[in-house]
Every structure is written in C-alpha cells, then in structure tokens.
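A structural walkthrough
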Amino acid sequence: MLTATAAATCIIHHDQIVNEWYSGVHNDSQGSRLVDEESQFHVASIRKTYLGLVISLALYEGKISSIDDVVADYLDDTDTKVLGDTTIRHLLTHTHGLGDLHHRLFLPGTDWKYNNVGVNLLIKIIRKLYHMPLSQLLEERVFSPMGFSQTGWRKERNEKLIWLNEQYNDDQGDEANLFVSTRELAYWGYLHLKKGVIHGKQILPREVFEQATTIISPPDLEQPLPRNGFFWFVQDEPRARTELGDDLPTGSFQSLGVTGCACLVIPKYRTVAVRMYNQTGPNPVGYDYLEDIKTFGNLVSKYVEDL
C-alpha cells in the first residue's frame, strides 16, 4: 500500500474490542490531520454490504417477493432485451453477466464478474420500493438506532474525512462516497455477527442478517469462483478467486474495498476484524491483492485462536 498515508485496525472478540490502532495522516499535505478514532475512511466497495442488508430487508418485508424475481419486473426504464432473465440473485452475487446496460459479457448465472452494474440497478430498485434514497433508509432503520454518527455518504469535504480528492454529485447513497470510522465499521460487522441484537435490542429482524450472510450464488459456478451472500464474500471451502483466506472457518464473511479497507466477520470465533487504508494510486509492481487480503484473514484467524 505504497500510496496510503493512513491506516487503522479494530478487532472485536467475544464482545470486547481487543485491538484498536491508528497510524499516519489524512493526506500527504503539510500539517495534515493525524488519523484517530474520529477519522472517517472512504470504504469504497464495502458500501455494497449496506445495500445488501437493505435488499435483505426488502425481501423480509415482502417488497421483493423472491431473489429469483426478474430484475426487469422492478424497473421501468431498462432494456428488457439486455436484462433478459437476470434476477435479483444474479445482481447480488456478481453473476449477472452485464458489461453495462446495453450489452452483456455472459449469460446470467454462468460466470462471475465483479462490477457496479448490478449495484446501480439495486439502488434504483430500493429507491422505487421505499420511495426514499438508500442513505435515508439506512439512517432511519440502522444508523440512527445504532447511534452511528461517523457513517454516511458525504459529498462535502470536512476535517474528519480522509478525502480522496474525488467529486460527488450527492450524498443519497447513489455513489461510492460512503465514509466510515474504523470503530463504526467494526460495529457494522458486529451488528451482523450478533444478527441484529445490540445491547439487548433487536435493530432489525434476525432473519434479515442471516439471509444477507448466507451463500446464494448459483450452485453451478466453477469451483475457483467466489461464493457470495448479499454482496458479502462467504466462506464454504478454499477457492482460488475468493478474497477469503484458506484458514478461515466455514461461515466467515468479508467485504473489501479498493482503498484497502476490509471488514471480516468470523462467527465461529465471535470475532470482527477491520483494517483501514486510504490507497489512492495503483498497486505496487508484483503486488497481489488477493494474496494480501487472504493473508489478512489467515492472520486474524490465528491471532484470535491464540487469545
């Protein structure tokens, strides 16, 4: 991570924070703010797990009848010829095969390709079903009940944000501008670990979390390809193209962002581990991001086993 100036970790084990560490500065300018517990990192693709939870909620509440419903049934302004038989399941598991909304790369359910086409379609579906943007729905149903004040979509820079010098059109959840503090990302994982129960209060129904973190990938995918829940990568067995370390127990789940941020949940060990970076440039020559993130998971697994 040669282009990162900021880093942090937080590990929750058996309901206690057992590791919390902050290092670096927000950016490479002179006098830049030191990273601390109030610093909010751009978590990039980890935002997909927030969307995934809302899709699971929509299923629980009957706004979506099945993950095998055809996507075109929920949207009015899409090319049904291109979407074809693409389902909600395909969008959630990166198996939709869409290169964009005008052409596809493969038939839905036959391969795996990570991109944001499915994400953007699901965001539109949520806005239509709930008559509000994704960010507002999460604020009302999760962030406010959890007491999150350092989690949200931001379009205006402030001193607490580890900014990536990008321009955003809105703060409604439509773009990849979700900023989260290290501790609140750990609590996001912890909320899933506890299946929605925090301080004796059920934030959302238990079934919403169980559904979101269970493998729903089409069963006939080739063995090396990842298996996903509602955007989470979920462990069943070692797979070459997943981001989960081979040593992680079955049922572990994780999300990784291009900035280097990651949230890992290991239910078997009652553990959540978060790492944060603000990577803004290309990876160093020879760097293998899959090897790196798998190593992270394996190290966490060994660490908590020894506690």
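This text goes with the structure placed above it.
Below: a short report on this structure.

Definitions and limits used
One numbering rule holds for all chains: residues counted from 1, following each sequence as written. Per-residue local features are limited, in this predicted model, to residues with pLDDT of at least 70; the limit for side-chain atom pairs, both in listing and counting, is 80 or more; totals at the level of whole chains, interfaces and linings are taken over all residues. Only heavy atoms go into the side-chain values, all of them from the structure, while hydrogens and water stay out. Helix and strand definitions here come from DSSP, where helices need a minimum of 4 consecutive H or I residues and strands a minimum of 2 consecutive E residues; each element is numbered from the N-terminal end. Note on method: radius of gyration uses C-alpha positions; expected globular size equals 2.2 Å times residues raised to 0.38. For this analysis, residues touch if any pair of their heavy atoms sits within 4.5 Å. Computed with the Shrake-Rupley method and a 1.4 Å probe, the accessible areas treat only the protein chains shown as cover for residues. In this tally, Asp and Glu contribute negative charge and Lys and Arg positive charge; neither His nor the terminal groups of the chain are included. By convention, charge coordinates are those of NZ in Lys, CZ in Arg, CG in Asp, or CD in Glu. What makes a nonpolar core is a set of buried Ala, Val, Leu, Ile, Met, Phe, Trp, Tyr and Cys residues whose side-chain atoms join them at distances within 4.5 Å. Partly exposed residues are those whose accessible area sits between 20% and 50% of the maximum for their type, while under 20% is buried and over 50% is exposed, using a 1.4 Å probe and protein chains only.

Attention shifts here to the overall build of the chain. Helix and strand counts for the chain stand at eight helices and eleven strands. Taken over C-alpha atoms, the radius of gyration comes to 19 Å for the chain, in line with the 19 Å a tight globule of 307 residues would show. In terms of principal-axis extent, the alpha carbons of the chain reach across some 55 × 50 × 40 Å. For the chain, restricting intrachain contacts to residue pairs at least 6 apart in sequence, the fraction spanning at least 24 positions comes to 56%. When the accessible surface of the chain is split by element, carbon and sulfur atoms take 47% of a total near 13,500 Å². Counting 29 positive and 40 negative side-chain charges, the chain places the averaged centre of each group 2 Å from the other.

All right, on to the nonpolar core then. Tyr50, Ile55 and Leu185 are the most contacted members of the largest nonpolar core, which totals 73 residues. Per-element accounting of this core gives the leading share, nine residues, to helix α4 (residues 117-130). Residues contacting Leu185, with those up to four places away along its chain left out, are Val43, Ile46, Tyr50, Val180, Ala262, Cys263, Val274 and Met276. Core analysis: the next-biggest nonpolar cluster, separate from the first, contains 17 residues, Trp112, Leu256, Ala262 and Ile293 among them.

Here we come to the environment of Leu299. With respect to the helices and strands, the residue Leu299 is situated in helix α8 (residues 289-305). Accessibility expressed as a relative area gives 55% for Leu299, which makes it exposed. Linking Leu299 and Gly245, residues 54 residues apart in sequence, is a C-alpha distance of 8.8 Å.

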